[in-house]
Each structure stands twice: as structure tokens, then as C-alpha cells.
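Coordinates in review
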Amino acid sequence: MFSFPVAGIEAPILLLVLVGFTVGIVGGFIGVGGGYMVTPALIVFGFPGYMASGIDMTHIAGKGIVSTIRHRQLGNIDWTMALSMVAGTMLGVELGVRLLVYFKHLGISSIVILATSVAVMFGLFLYTQIETRRAHKSIEKMEKEGRNIGWEVQTSRLPRLFQNIPLAPIVICRTARVVVSMWVIVLVGMVTGILAGFLGVGGGFIRVPALVYIIGASTHIAVGTDLVEIVFSGGYGALRHSIEGHVDMMAVVFMISGAMIGAQIGSLATQYVRGPAIRYILSYSLILATCGAVLRLVYVLTGQSVEILSLFAVMLTLGEMIFLCLFIISLVWFAVRKRREKWVPDWVHSLTV
Amino acid sequence: MKKLINSMLGYWILLLVISLGAAAVIYEIWLRGNI
């Protein structure tokens, strides 16, 4: 146990480093900050809610920089797309926060936030899961036919629809190999920003599917590009929370020490898998987070009287981090085994390179 | 075990059980008093 004087609590250092490490792996792999996992975990460790958000945001900013540098080296960032989206994201976050304040005045913010979280996350899970299964089957079919398969297979028709909107200026995103109206990118940033600001999260889990299914970027590019957004939003959030005195730097240092290693591993792990594998992990993350939000929603609706629900939510939050981390590491391990021509499960062949 | 791992759903369930078990151990060791 270590004493954190700013937060006024004692918490185990090892757990903070471990949380940083696991969320670092997940964040570097699927391109999210992981606030929806870290903030509840920090509250469970005893940090007050406002301080959990502050510590989370500051650690996300640091981790985002490490992941972004690594993804830039891997050629996974489209700067045109990232910078076009930043303006829309910032405006969207501001609108989202104002919407939140409106519901707060009505006195129903907790229920509305949780219900919206459940609807958004479950909807994204369903779409991502169905599309990814289709893509997985399509790769298996191509493998049987002996065709050459690249890093990405995507079966959604939505990107073509949005890429055909003839609204000037049209931008050429060279790294992503996408030609699309700039307004589509700004609008995607704004809508995901509204949701992020309203739900009080970074929004990576909304932006990555949006970049893939609306703009038409490959999953690897979507992950790298979203991490650039996270550096901006996390950096701004860290600054605001620091000014308000919501950050215990000792806790941030412990978390970042784990996250820096985890983020490198997670970013490098993307080089062992095809796009659908990243989307599978993203969808698993979404369904587990949905289950956690449902438990918390029922807990709030029952007047916070059923304690066992709160306990299940805690277990699910911790379990989710471990689960995603194990899945990513095992995929890399299977990929290495496949390269050495050793036995791997059948479903792994088409997901790894 | 090989049959279980060979199915994606089976592998998913196996990892989930391991993860929730690990979460329960972490809870017992460090967090019981905090909640």
C-alpha cells in the first residue's frame, strides 16, 4: 500500500501499474484511451470520482503520445484525416458537455448517461460483430481459393455511400487511400465528440468504428489516427483537471510506468493481425463494457440498494481488462506459432499474418 | 482442451472464465475492504 497525499487515500502500487499496463496494451491495439475501464477501476481502488477522471485523463494523454509515436513509425497515421477531425471533435465535445449540463439541471443525468452508453455501445457491438464475422468468413473463403489476402478485409457498404457525397472541399487522405469530402470527416468528429462529451469519455470506442465504417479507413489506420485525437483530447482534459486540482501525479506516474510498456506492446501487436482481429477485440470490449453499464444502470434504478450488482460491475471491469489483454497477447503468440508452422486453432489462420 | 480452443466461442469463454477468476483473486487480495 502506498499513501497518496493529494487524493488522501492508500492504494496498492502494483495494481496501479498493472491497470496501466493492461489498458496500455488494449489502447495501443484497438486505439482507445480506455477511460471507460480505468475510471471505474480507480474508484474501486478508493480514489474519489473526480480524481479518478483527472488521473485517468492525464495518464491517457501520456500513453496516447507513446502509442502515437509507435503507430507513426508503423505508418498507421493519416495526418490529413486526424487534423481535419480535431476541429469537429473539439466542437462536438463542447456541445456534448452542454447537453450533459442540461440533463443535470433536469436531475436525470446518471440514468440518461447510462442508458445512452448502453444503447450506443450495444449498437456498435452488434454492427461491428456482424460485419467482422462476415469479413472473417470472406477471408476464410479467399484462403480456400488460394487468393492473396492483404491486411484488411471490410464488407460494409457504408464507406462508399459517404465517399460519394460531392461536397467541396474534397480531401485526399494519402496514407488511408481515401478520397472523401472534408465535411464528412468534420461531421464524424463532431458527432463522436458530442457522444464523448455527453458520456464523459474520450470517445475512441466510437471514433474507431466511425473511421472504418463511415470514412472507409482500414482498421490499422483508424487505430493510429484515433490515437492522435486522443493525444489532443487527453492533453486538454489533463490540463483542465490539473488546474482544478483533480490530479494526483504520484498515481499518474505509477500508471504511466505500466502504460508506456503496455502501449508499445499493444501498438506492435497490430503488426501480427489483420483488420478484422482488431475489430473483434473492439467488439468484445464493447459488449463487456455494455454489460458493466447495464449492471450500473440497474443499480441506479433500484435506488443503489442491491449491493451485489455493484460488486458484479467491479468484477466485470477488472475481468474485462484482463480478458482483452490475454486475448491480444494470445493472438500474437498464435501468430508467431503460425509463422513457425506450428499448430494454431483454425479460426486464427485467417485473422493473423 | 484442444477442441475447446479450436472454436472461437470456446476460446472466448475459456479466457473469460480465467479473467473473471483473476479479477476475483485481485478483489480478495487487495480490494475487499475498499468497497
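For clarity, every value in this text was computed on a predicted model and none was experimentally measured.

**Quick look at the overall build of chain B**
- For chain B, the count of helices and strands is two helices and zero strands.
- Seen along its three principal axes, the alpha-carbon backbone of chain B occupies a region of about 40 × 15 × 5 Å.
- Evaluated residue by residue, chain B yields a buried proportion of 14% over its 35 residues.

**Observations concerning the interface of chain B and chain A**
- The interface of chain B with chain A comprises 18 residues on the first partner and 17 residues on the second.
- For the side of chain B that touches chain A, the elements supplying multiple residues, two or more each, are α1 (2–6) and α2 (8–31) of chain B.
- With 14 residues, the single largest contributor to the side of chain B that touches chain A is α2 of chain B.
- Classifying every residue of the side of chain B that touches chain A gives 15 nonpolar, three polar and no charged.

**Details of unusual backbone geometry**
Residue and element names in this part refer to chain A.
- The omega torsion across A168 and P169 is 0 degrees, close enough to zero to call that bond cis.
- Mapping P169 onto the fold places it in the loop between α6 (158–163) and β3 (170–173).
- One non-glycine residue, E341, lies in the positive phi region at around 60 degrees.

**As for the pairing of strand β4 (residues 178–181) of chain A**
Residue and element names in this part refer to chain A.
- Residue alternation in β4 divides its side chains into a buried set, V178 and V180, and an unburied set, V179 and S181.
- Across four bridges, β3 lies against β4 in antiparallel orientation. Considered in β4, the bridge of C173 is made with V178.
- Linkage of β3 to β4, two consecutive antiparallel strands, is achieved through a turn of four residues, within which R177 is found at a positive phi near 55 degrees.

**Section: the packing of helix α11 (residues 275–301) of chain A against helix α12 (residues 307–339) of chain A**
All names here are of chain A.
- For the pair α11 and α12, interaxial distance at closest approach is 9 Å and the crossing angle is 175 degrees. By the angle between their directions, the pair α11 and α12 is classed as roughly antiparallel. On the side of α11, the interface is formed by A277, I281, Y284, S285, L288, A289, C291, G292, L295, R296, V298 and Y299, while α12 contributes L309, S310, F312, A313, L316, T317, E320, F323, L324, F327, I328 and L331.
- Among the residues making up the contact of α11 with α12, the classes are represented as 18 nonpolar, four polar and two charged.

**A word on the confidence of the model for chain A**
- In the predicted model, chain A carries a mean pLDDT of 87, and the fraction of residues at 70 or more is 99%.
- Mean pLDDT in chain A bottoms out at strand β1 (residues 2–4) of chain A, which sits at 80, and peaks at helix α10 (residues 249–269) of chain A, which reaches 93.

**Side note on the environment of E140 of chain A**
- Along the polypeptide, E140 of chain A turns up in helix α5 (residues 109–144).
- Judged by local crowding, E140 of chain A falls into the partly exposed class, with 16 C-beta atoms found within 10 Å.

**Topic: the packing of helix α8 (residues 204–215) of chain A against helix α9 (residues 219–244) of chain A**
All names here are of chain A.
- Following both chains from N to C, one finds α8 and α9 inclined at 140 degrees, their axes separated by 9 Å at the closest point. Relative to α9, the element α8 lies oblique. For α8 against α9, the interelement crossing comes out right-handed. Facing G204, R207, V208, L211 and V212 of α8, the residues of α9 in contact are T219, A222, V223, T225, D226, E229 and I230.
- Residue composition of the contact of α8 with α9, grouped by class: six nonpolar, three polar and three charged.

**Re the nonpolar core**
- Residues I215, I281 and I328 of chain A are the most contacted members of the largest nonpolar core, which totals 117 residues.
- Not counting residues within four places of it along the chain, the set of residues in contact with I328 of chain A comprises I25, V26, F29, G266, A269 and I281 of chain A.

**Remarks on the environment of W151 of chain A**
Residue and element names in this part refer to chain A.
- Here W151 shows up in the loop between α5 and α6.
- Expressed as a C-alpha distance, the spacing of W151 and V353, which sit 202 residues apart in the sequence, is 7.7 Å.
- Not counting chain neighbours up to four residues away, the residues in contact with W151 comprise S218, H220, R274, G275 and V353.

Rules behind the numbers
Position numbers for residues start from 1 in each chain and track the written sequence from start to end. Labels follow written order: the first chain is A, the first ligand is 1, and so on. For a predicted model such as this one, the threshold for reporting local features is a pLDDT of at least 70, and the threshold for listing and counting side-chain atom pairs is 80 or more; totals across whole chains, interfaces and linings nevertheless cover every residue. Here a strand is any run of E in DSSP of at least two residues, a helix any run of H or I of at least four, and the numbering for each starts at the N terminus. Partly exposed residues are those falling between the two cut-offs: more than 12 but fewer than 20 other C-beta atoms within 10 Å of their own, whereas 20 or more means buried and 12 or fewer means exposed, with C-beta atoms placed from the backbone. Any pair of residues counts as being in contact when their C-beta atoms, constructed from backbone geometry, are within 7 Å of one another. Classification used: nonpolar for Ala, Val, Leu, Ile, Met, Phe, Trp, Tyr, Cys and Pro, charged for Asp, Glu, Lys and Arg, polar for all others including Gly. Any two strands are treated as partners once DSSP identifies two or more bridges connecting them. Angular values range over 0 to 180 degrees, each being the angle between N-to-C directions of two axes fitted as lines to C-alpha atoms, with helices fitted over their stretch in contact. In what follows, roughly perpendicular refers to angles from 65 to 115 degrees, roughly parallel to angles under 35, roughly antiparallel to angles over 145, and oblique to any angle outside these ranges. pLDDT: the predictor's confidence for each residue, scored from 0 to 100. Take the far helix as the reference: if the near one is turned anticlockwise from it by less than a right angle, the crossing is left-handed, and if turned clockwise, right-handed. We define a nonpolar core as a collection of buried residues of the types Ala, Val, Leu, Ile, Met, Phe, Trp, Tyr and Cys that are connected via C-beta atoms lying within 7 Å of each other.

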